[in-house]
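Read off the chains here:
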Amino acid sequence: MTALRRYHITTFGCQMNKADSERMGGILDDMGLVWTEDPNQADLVLYNTCTIRDNAEQKVYSYLGRQAKRKHEQPDLTLVVAGCVAQQEGEALLRRVPELDLVMGPQHANRLGELLEQVFSGTQVVATEPIEIIEDITKPRRDSEVTAWVNVIYGCNERCTYCVVPGVRGVEQSREPTAIRSEMAAIGQQGYREVTLLGQNIDAYGRDLPGIDASGRRQNTLTDLLYFVHDVPGIERIRFATSHPRYFTERLIQACAELPKLCEHFHIPFQSGDNAVLKAMARGYTHEKYRRIIDTIRRYMPDASISADAIVGFPGETEAQFQNTLRLVADIGFDLLNTAAYSPRPGTPAALWPDQLDEEVKKDRLQRLNHLVSQQAEARSQRYQNRIEEVLVEAINPKDPTQVMGRTRGNRLTFFEGDISQLKGQLVPVQVTETRAFSLTAVPLLSPVVA
Ligand code: SAH
Ligand code: SF4
Ligand code: F3S
């Protein structure tokens, strides 16, 4: 082929992008390239980009500028921009950064190999047309040896008025349950213990698949999928993200309560606690409906941990409407909340609305919300004090090599004394001795059986 040897991937953005990067890394490994941590040592640099907010997009341009400069000294450097900025900008990216070799949207991630062949034969390539996503046959280069992501649905059919995702990720495409199960089976065999099923709106899974049962109920829902995959050997824990309140059913909640491998952790973004704002966002639910979902979860699983995303400073949001978001957060008590100031995005309806708020107002609301969130997270953490929890050990604590770290079923990061060479991938019962807003310290209760 060529003299290419080392590659580097930097990933911006969400879990979907991270999973795409792992699959693209697998393809590059298959092509005989070797991973390097340092982009400046690499012969192929791939930026897997995010455009959810303006600051995510700008970060990519500053990284790219540096590599484009390096290409002038090293002309055989291959520069690839993948992901959501690539999809959004397409050809315009080549005009902005002519040094680029390949611009490829997220739907094309599994086609990286053939796209690179075109690049190596001497052309600049832009791959952003909508396609049916092909099943991946290469083995992803997974970051962790303990927990793995498995895509179950690509794309998004919602039209939230602030959001670029439907435009850049395309329409929903669900994978076949059998393909998902066999990927999980392979992962289980390789020694992974935990799987996170991924989708932008994972609870919308299956709407594009055939199958209605005798009573007229749609089969192939996320609930059906969970029953179908939960007994895969080797996999001890199953999570899923991200859930949309619109599709979160009681049947799904029952399944999570009933299936022992399903972790009691739910990520269900609410975005705003005010009904008029929710309507302007086109979210398709009210705050009352959101509260009912959380109540139902807690009825079945009183200790479930709940996380979410929220946006402050949406166009036209009044102080009173923002107060409704604070009220929802105060009432529910989140274990974790990802917060963001509204960022107007190209091609989205809300960006064109006249009633945009000042950056100062958004910043102030963000700070007030964040303050409440960290208070709550600390209070929610305290319920773990002295409790016995099960931790899946993932890695050494980078700040203290005498400790290992992992997560509880509720997804709290937990540290305890131990030897990673013995404990990695083990489920260890621990007793919590110290709690902080976003992490715990514990002592192990038994020596686990070493496989
Ligand atoms: N599909 C998921 C979220 C995907 S995007 C859902 O519907 O909940 C991840 C998060 O980014 C969103 O939950 C939202 O809180 C945030 N986000 C999306 N667009 C944004 C924008 N224009 N400005 C600020 N935050 C945004
Ligand atoms: Fe964006 Fe809404 Fe789709 Fe989530 S559901 S990805 S916020 S459009
Ligand atoms: Fe970003 Fe694309 Fe994910 S815009 S949040 S990487 S879907």
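The rules behind each value
Per chain, residues are indexed from 1 in the order of the written sequence. Ligands are numbered from 1 and chains lettered from A, in the order in which they are written. With the structure being a predicted model, the display of local features is reserved for residues of pLDDT at least 70 and the display and counting of side-chain atom pairs for 80 or more, all residues being used for whole-chain, interface and lining totals. Computation of side-chain values: all heavy atoms of the structure, hydrogens and water removed. Per the convention used, a helix needs a DSSP run of H or I reaching at least four residues, while a strand needs a run of E reaching at least two, with both numbered from the N terminus. Atoms considered for the radius of gyration are the C-alpha atoms alone. The globule rule reads 2.2 Å times the number of residues to the power 0.38. Exposed residues in this analysis have more than 50% of their type's maximum accessible area, buried residues have under 20%, and partly exposed residues fall in between, with area computed by a 1.4 Å probe over protein chains only. In this description, contact between two residues means that some pair of their heavy atoms is separated by no more than 4.5 Å. Computed with the Shrake-Rupley method and a 1.4 Å probe, the accessible areas treat only the protein chains shown as cover for residues. Charge convention: Lys and Arg are scored as positive, Asp and Glu as negative, and His as well as the terminal groups of each chain are ignored. Here the site of a charge means atom NZ of a Lys, CZ of an Arg, CG of an Asp or CD of a Glu. A cutoff of 4 Å decides nearness: a residue is near a molecule or strand if any of its heavy atoms lies inside that distance of it. In the analysis that follows, any N or O atom pair within 3.5 Å is treated as a polar contact, provided that within protein one partner can donate a hydrogen and the other can accept it, and provided that, for residues neighboring in sequence, both atoms belong to side chains. Throughout this entry, Asp, Glu, Lys and Arg are counted as charged residues, while Ala, Val, Leu, Ile, Met, Phe, Trp, Tyr, Cys and Pro are counted as nonpolar. The remaining residues, Gly among them, count as polar. Among buried residues, the Ala, Val, Leu, Ile, Met, Phe, Trp, Tyr and Cys ones that are joined through side-chain atoms within 4.5 Å form a nonpolar core. UniProt positions are given in the numbering used here, feature names are shortened, and annotations may be inferred rather than shown by experiment. Axis lines are fitted through C-alpha atoms, for helices just across the contact stretch, and the angle between N-to-C directions can take any value from 0 to 180 degrees. In this scheme, roughly parallel covers angles under 35 degrees and roughly antiparallel covers those over 145, while 65 to 115 is roughly perpendicular and the rest are oblique. The split of the chain into domains comes from an automatic or database domain assignment. A 1.4 Å probe defines the accessible area here, and the buried area is the portion of it lost by two parts on being joined, summed over both. Each reported salt bridge corresponds to a side-chain nitrogen of Lys or Arg within 4 Å of a carboxyl oxygen of Asp or Glu. Strands are treated as partners if at least two bridges between them are detected by DSSP. Ring pairs are drawn from Phe, Tyr and Trp, using the six-membered ring of Trp, whenever the two centres fall within 6.5 Å, and their geometry is named by plane angle: stacked under 30 degrees, edge-to-face over 60, tilted for the rest. Over a ring means this: the NZ of a Lys or the CZ of an Arg is within 6 Å of the ring centre and within 35 degrees of the ring normal.

S.K.: Which residues make up the overall build of the protein, and what values do they have?
M.R.: Regarding its fold elements, the protein presents 14 helices and 19 strands. Here the C-alpha radius of gyration of the protein, 23 Å, is about what a compact globule of 451 residues would show, namely 22 Å. By principal-axis analysis of the C-alpha atoms, the protein measures approximately 60 × 60 × 55 Å. Out of the 451 residues belonging to the protein, those deemed buried represent 55%. Sequence-distant contacts in the protein: of pairs separated by 6 or more residues, those separated by 24 or more amount to 72%. Taken as a whole, the protein presents about 19500 Å² of accessible surface, with 52% of it coming from carbon and sulfur. The distance from the centre of the 51 positive side-chain charges to the centre of the 59 negative ones in the protein is 3 Å.

S.K.: Talk me through the site of ligand 1; I want residue IDs and the actual numbers.
M.R.: Every one of the 16 residues lining ligand 1 counts as a neighbour, but Gln200, Gln271, Arg283, Asp309 and Ser343 are closest to it. Measuring from a nitrogen atom of ligand 1, one finds a backbone N or O atom of Tyr162 at 3.0 Å. At 2.8 Å from an oxygen atom of ligand 1 is found a side-chain nitrogen or oxygen belonging to Gln271. The fraction of the free accessible surface of ligand 1 (550 Å²) that becomes covered by protein chains is 90%. Broken down by secondary-structure element, the contributors of at least two residues to the shell around ligand 1 are strand 13 (305–312) and strand 14 (336–341). Residues of the shell around ligand 1, tallied by class, amount to seven nonpolar, five polar and four charged.

S.K.: An account of the nonpolar core is requested, with residue identities and associated values reported.
M.R.: Grouped together as the largest cluster of nonpolar side chains are 53 residues, with contacts concentrated most on Leu197, Phe240, Phe266, Phe270, Tyr290 and Ile297. Top contributing element to this core by residue count: helix 12 (residues 319–332), with five residues.

S.K.: Describe in detail the UniProt feature "binding site: [4Fe-4S] cluster 1" (unreviewed entry) in the protein, supporting the description with residues and values.
M.R.: Under the feature "binding site: [4Fe-4S] cluster 1" (unreviewed entry), the UniProt entry names Cys14, Cys50 and Cys84. Over a stretch of 71 residues, the named residues converge on one spot in the fold, their C-alpha atoms separated by at most 10.4 Å. By the secondary structure assignment, Cys14 is in the loop between strand 1 (6–11) and helix 1 (15–30). Mapping Cys84 onto the fold places it in helix 3 (residues 83–89). Owing to a relative accessible area of 9%, Cys84 belongs among the buried residues under this scheme. Excluding anything up to four places from it in sequence, Cys84 contacts Asn17, Thr49, Cys50, Thr51, Pro106, Val168 and Arg169.

S.K.: Any details on the packing of helix 12 against helix 13 (residues 359–382)? Residues and values, ideally.
M.R.: Where helix 12 contacts helix 13, the axes come no closer than 10 Å and their chain directions differ by 10 degrees. It follows from the interaxial angle that helix 12 and helix 13 lie roughly parallel. Of the residues in helix 13, those touching helix 12 at Glu319, Phe322, Gln323, Thr325, Leu326, Val329 and Ala330 are Arg365, Arg368, Leu369, Leu372, Val373 and Gln376. For the contact of helix 12 with helix 13, the class distribution of residues is seven nonpolar, three polar and three charged.

S.K.: Mind laying out the domain arrangement of the protein, listing which residues take part and the relevant values?
M.R.: Per the domain assignment, the segments making up the protein are domain 1 (6–127), domain 2 (147–383) and domain 3 (385–444). The centre of domain 2, based on its C-alpha atoms, is set 26 Å off from the matching centre of domain 3. Counting residues at the interface gives 23 residues for domain 2, matched by 21 residues for domain 3. Each partner contributes to the roughly 1700 Å² buried at the junction of domain 2 and domain 3, and carbon and sulfur atoms together form 44% of this total. Across the pair Glu390 and Arg237 runs a salt bridge whose closest N-O atoms are separated by 3.1 Å. Broken down by class, the residue content of the side of domain 2 that touches domain 3 amounts to five nonpolar, six polar and twelve charged.

S.K.: Account for the environment of Tyr63, with residues named and values stated.
M.R.: By the element assignment, Tyr63 lies in helix 2 (residues 54–73). Along the primary structure Tyr63 and Val165 are separated by 102 residues, whereas in three dimensions their C-alpha atoms are 22 Å apart. Filtering out sequence-adjacent residues up to four positions away, Tyr63 remains in contact with Thr10, Phe12 and Tyr47.

S.K.: Could you give an account of the sheet that holds strand 3 (residues 44–49), with specific residues and numbers?
M.R.: The strand order 2-1-3-4-5-6 describes an open sheet built from six strands, whose pairing is parallel. Every other strand in the sheet has two partners, leaving strand 2 (34–35) and strand 6 (125–127) as the edge strands with one partner each. Bridging between strand 4 (residues 78–82) and strand 5 (residues 102–104) involves three bridges; their strand directions are parallel. By the bridge assignment for strand 5, Val80 is matched with Leu102. Packing of helix 5 (residues 112–120) onto the sheet brings it into contact with strand 3, strand 4, strand 5 and strand 6, and relative to strand 5 it is tilted by some 155 degrees.

S.K.: Tell me about the packing of aromatic side chains, and please be specific about residues and values.
M.R.: For the coordinates displayed, the defined rule picks out eleven aromatic pairs. Judged by centre distance (6.1 Å) and plane angle (65 degrees), the rings of Phe12 and Tyr47 are edge-to-face. Taken together, the residues span a long stretch of sequence, with Phe12 in the loop between strand 1 and helix 1 and Tyr47 in strand 3 at a distance of 35 residues. Like Phe12, the residue Tyr47 is buried in the burial classification. In this structure, Arg66 is placed above the aromatic ring of Tyr63, and the distance from its NZ or CZ to the ring centre is 5.1 Å. The ring of Phe228 has Arg181 sitting right over it, with the charged end atom 5.8 Å from the ring centre.

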